[in-house]
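# Coordinate analysis (summary)
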Amino acid sequence: MNLKKAIETHNGLKFIINKLSLSSSIGRQALMELKFIKDKSILERELEITSEIMNFLSIDYNYTRIKRIRSVLECINDISGSIKLLEKDGVLDDVSLFEIKSFSLLSEKLRDLLKVLDIPELKLPDLDKAIEILDPEKMRLYQFYIYSSYSEELREKRRLWEEAKAREESEEKILSIYVECLEIEEEIRKDLSSKLKVFIPDFILSLKIISKLDITLGKAQYFIDNKFSKPEISDSEFSFKALFYPPLEEILKTQNQEFQRIDFSLDNKPVLITGANMSGKTIILKSLSLSQFLFQFGFFIPCESSQLCIVEDILISIDDQQNEKKGLSSFAWEILNLNTFLQKAKQGKKYLILIDELARTTNPIEGVAIVDTYLEMISNTNSFSITTTHYSGIKTRCRRLRVKGIRKDIIKEEIEIKNIQNLIDYSLIEDNSDQAPNDALNIAEIIGVDKDFIYKARNYILNKEE
Amino acid sequence: MNYVLNRLCSYPNIKAGITSIGIDGEKSDLVTNTKKPEIFLYPNTFFTTVEEFYKSKNIISNILSVSKQKTILGRLITSQSISSGKIMISGPNNNIWLKDLIDELIGVGADIVLVDGAISRMSFGSPTITEAMILSTGANVSLDIKAIVKKTSFVYQLTELPEVEKEIKDKIFDLDKGIYSMDKDNNIIDLDIPSVLLIDKYKDKLISEYKDIYFSGIITDKLLDLIINQKSSHNYKIIVKDFTKIFSSQEKTELFIRKGGKINVVNKTNLIAITVNPTSTVGYNLNSDELIDRLKQVIPIPIYNIKD
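Right, let's walk through the structure included here. Residue positions are counted from 1 within each chain, in the order its sequence is given. Numbering of ligands from 1 and lettering of chains from A proceed in the order in which they are written. Side-chain atom pairs in this predicted model are given and counted only at pLDDT of 80 or more, local residue features only at pLDDT of at least 70, and totals for whole chains, interfaces and linings cover all residues. Side-chain measures were taken over the full set of non-hydrogen atoms in the model, leaving aside hydrogen atoms and water.

### Quick word on the pairing of strand S13 (residues 262–265) of chain B
Residues and elements named next belong to chain B. Two strands pair under a simple rule: DSSP has to find at least two bridges between them. Counting from the N terminus, the helices are DSSP H or I runs at least four residues long and the strands are E runs at least two residues long. Bridging between strand S12 (residues 237–240) and S13 involves four bridges; their strand directions are parallel. Residue pairing across strands places Val-240 opposite Val-265, the latter belonging to S13. As a crossover connection, the stretch from S12 through helix H9 (residues 250–258) into S13 is right-handed. Orienting the strands away from the viewer, one traces the path from the first strand over the helix to the second; a clockwise path indicates a right-handed crossover.

### Regarding the nonpolar core
Nonpolar side chains in soluble globular proteins generally cluster together in the buried interior. Residues belong to one nonpolar core when they are buried, are Ala, Val, Leu, Ile, Met, Phe, Trp, Tyr or Cys, and are joined through side-chain atoms within 4.5 Å. Between buried and exposed lies partly exposed: a residue is buried under 20% and exposed over 50% of the maximum accessible area for its type, with that area taken using a 1.4 Å probe on protein chains only. By size, the foremost hydrophobic cluster in this structure holds 135 residues, and its most contacted members are A:Leu13, A:Leu196 and A:Ile386. With 11 residues, the single largest contributor to this core is helix H11 (residues 200–226) of chain A. The contacts of A:Leu196, once residues within four sequence positions are left out, are A:Leu86, A:Leu92, A:Leu97, A:Ile100, A:Ala130, A:Ile133, A:Leu134 and A:Phe203. Counting 44 residues, the second largest nonpolar core, distinct from the first, contains B:Tyr202, B:Leu206, B:Ile227 and B:Tyr236. Only heavy atoms matter for contacts: two residues are in contact if any of them lie within 4.5 Å across the pair.

### Here's the deal with the interface of chain B and chain A
Chain B puts 21 residues into the contact, and the matching count from chain A is 20 residues. For any pair of parts, buried area is found by adding up, for both, the accessible area (1.4 Å probe) each one loses once the two are put together. Between chain B and chain A, a total of about 1500 Å² is buried, with carbon and sulfur atoms accounting for 53% of that surface. It is B:Ile60, B:Ile63 and B:Lys68 in chain B that bury the most area against chain A; as a group they hold 33% of the surface buried on that side. Should a side-chain nitrogen of Lys or Arg be within 4 Å of a carboxyl oxygen of Asp or Glu, the pair is scored as a salt bridge. There are one salt bridge connecting chain B and chain A. Residue B:Arg75 pairs with A:Glu99 through a salt bridge whose shortest N-O separation is 2.9 Å. N or O atoms closer than or at 3.5 Å make up a polar contact, with two conditions inside protein: a donor-capable atom paired with an acceptor-capable one, and, for residues adjacent in sequence, both atoms drawn from side chains. Where chain B touches chain A, the interface holds eight residue pairs in polar contact (both at pLDDT 80 or more). Among the secondary structure elements, those contributing two or more residues to the side of chain B that touches chain A are helix H3 (51–55), strand S4 (61–71), strand S5 (74–81) and strand S6 (85–88) of chain B. Broken down by element, the residue count for the side of chain B that touches chain A peaks at seven residues, all from S4(B).

### Observations regarding empty space enclosed by the protein
All names here are of chain A. Within this scheme a cavity is a closed region of a 1 Å grid, computed over the protein atoms alone, that accommodates a 1.4 Å probe without allowing it to escape, whereas a pocket is open but has protein on both sides within 12 Å along at least five of seven lines; lining residues each have an atom within 4 Å of a point. Grid points are joined across faces, edges and corners, and a volume is the space filled by probe spheres set on the points. Counted under the stated rule, the structure contains four cavities of 30 Å³ or more. By volume, the largest cavity is sized at about 80 Å³. Along its surface, the largest cavity is lined by Leu-272, Thr-274, Tyr-391, Ile-394, Arg-400, Leu-401, Asp-431, Ser-433, Asp-434, Gln-435 and Ala-436. When residues of the lining of the largest cavity are traced back to their parent elements, those giving at least two are strand S4 (271–274) and strand S9 (399–406). Looking at the lining of the largest cavity, its residues break down into five nonpolar, three polar and three charged. Space inside the second largest cavity adds up to approximately 60 Å³. In terms of residues, the lining of the second largest cavity owes the most to one element, helix H14 (residues 330–346), which gives three residues. For this scheme, ten residues count as nonpolar: Ala, Val, Leu, Ile, Met, Phe, Trp, Tyr, Cys and Pro. Four count as charged, namely Asp, Glu, Lys and Arg, and the remainder, Gly too, count as polar. Here the lining of the second largest cavity is built from residues that sort into two nonpolar, three polar and five charged.

What follows is the structure in structure tokens.
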């Protein structure tokens, strides 16, 4: 899985990736090709490099240097097309030769600017010898043409051409000398192209490192600006302190409201989260899946501190508009997902499985049975599972958490749909009962549903209890 | 263009930068079977053209930059000529890019930038992009001297339209969309007309007590018709960004003005000269003395015969 694929299925991840400010087109391209990392040492090193770059960015003294690095990155052009042509023994035209020369000069400039960094992964190859080939006059300028100094014969022919023009000889004569010039130029291009072939591995390495530099600078700056923190890699548990979901936080900010950050931990026991409607259960799942994606693409996490495990894949069943159900009914789509998740988990690898309101579209009796069975089966695997539900009466042994819900100290009259965010305590508490909270009618009342309707519904519950 | 470059050549201290408005891909020379528009450059001239044309150049030149954006004929190559020689020029295909490119050419060392244009794409002559304009006319406009003079003098008249008063200019300078009227105290009122092309639907809004109207887009025959047919048409003052926004025909525009209407521009175009080519691309020759004489009778700015 690469990042491009991952952002297609996860809006939160897409939100963050879109906010990264990269300077070069090769960086932007390489960003989309980032791999989902499953190797602990690679991930560890990736996070370390990001940390080091963040330190580098945070030092005021580096300000000018960073600015210069960014402006070089902006000028970097993608020479991969020319390199492919060189690999196939092709002959480069003046424009491609110009681009290789500019690229090499810029790469050398970056190499110099990066000398202060002690990161072997960002050490650029020396392209000085390649530049020499394209710079016979040793000017080190961002310019190129087939210089007369490449060949005495060419110099002579060009002189003859100029003379012919000055003497106003026949168009035909002038053209024939010019064609001779072109023939010599073509020989020189062939020669230059074959000389450059030796440098193909260096060019490829340089492209790769420059892309990586651009990506790392982009993400490091984003993490500094948005207070993301470096995750710790754990083998057995997840924990988050003050976790937040940036897309929602941004929306709330525009409404002058604050996102309530949550603490959360998880071991290999399945977790069941209950909570009233609008209590943010789905956001908890989205925050967790986002964090896991970020983590395994080598990013930092939107929280104060965290511990995460490397998993094989993140399996998500959240029914919102972004899901494609391929014409299936909600239930069929969900239950087939569940089936796939269980099949994968059974094979023994670690997955992170996030399911929002399992079996909610079916009747409560069978619904409860489905949730119970799923929890039981998943607890016998190595996977981590978090499931939310509205159902009461789930009997399987698992860790139960509940979103606190509507704050008890709120005076009803002050409640309005506008400020409802502030009235709910989103923190998660341990819950030992198997009863899901019954806040649906309270919430319905708050958001202004007809009073008569609420009254009758409450009576209905009372009568039933009697 | 060749004429202007030739004249510039006698000022060796001035380095020129050359580009042109982009063509939309179809190589018109294939259709009309006329000679390709090659430009003759002297050494040390900066120029920008598409990759496709750069490859078939007949000049030795040093590449200075390659654009990231692409036109239908490839990226734009900016370079400096080392020898003299010929090259086909085709530049950016939109105004914003052209503006950036002019800045780039000045950045690499050009003292003056010349943009080859076309009468059909006159928006490039807009004073927001170029500082001055040279109008080229001649046998390619028409083979009838009378028609050439009529068309050329119309364009000249448009470039001579007066600029709106400074106070109003400052107020409407940044309005890029919409149609606005001005009350007695020069307060700007948005008429809420989405486009002049939908003017039929919004006639009533246009015909109000205020007769000074600013059109941020173009003005058309249909619009002028609508105003001309009003009893008070002589009180109207139309304000446009610059003369290139006037898409109405010569007849309608003149009728509007004859009936007492006024047209003002926000930015006046600095038309500095007219060049006349008495030979058409298909080789037809006009009587150049007669043509230039007749033009001089109606147009009081320098007029040059490029064949002289």
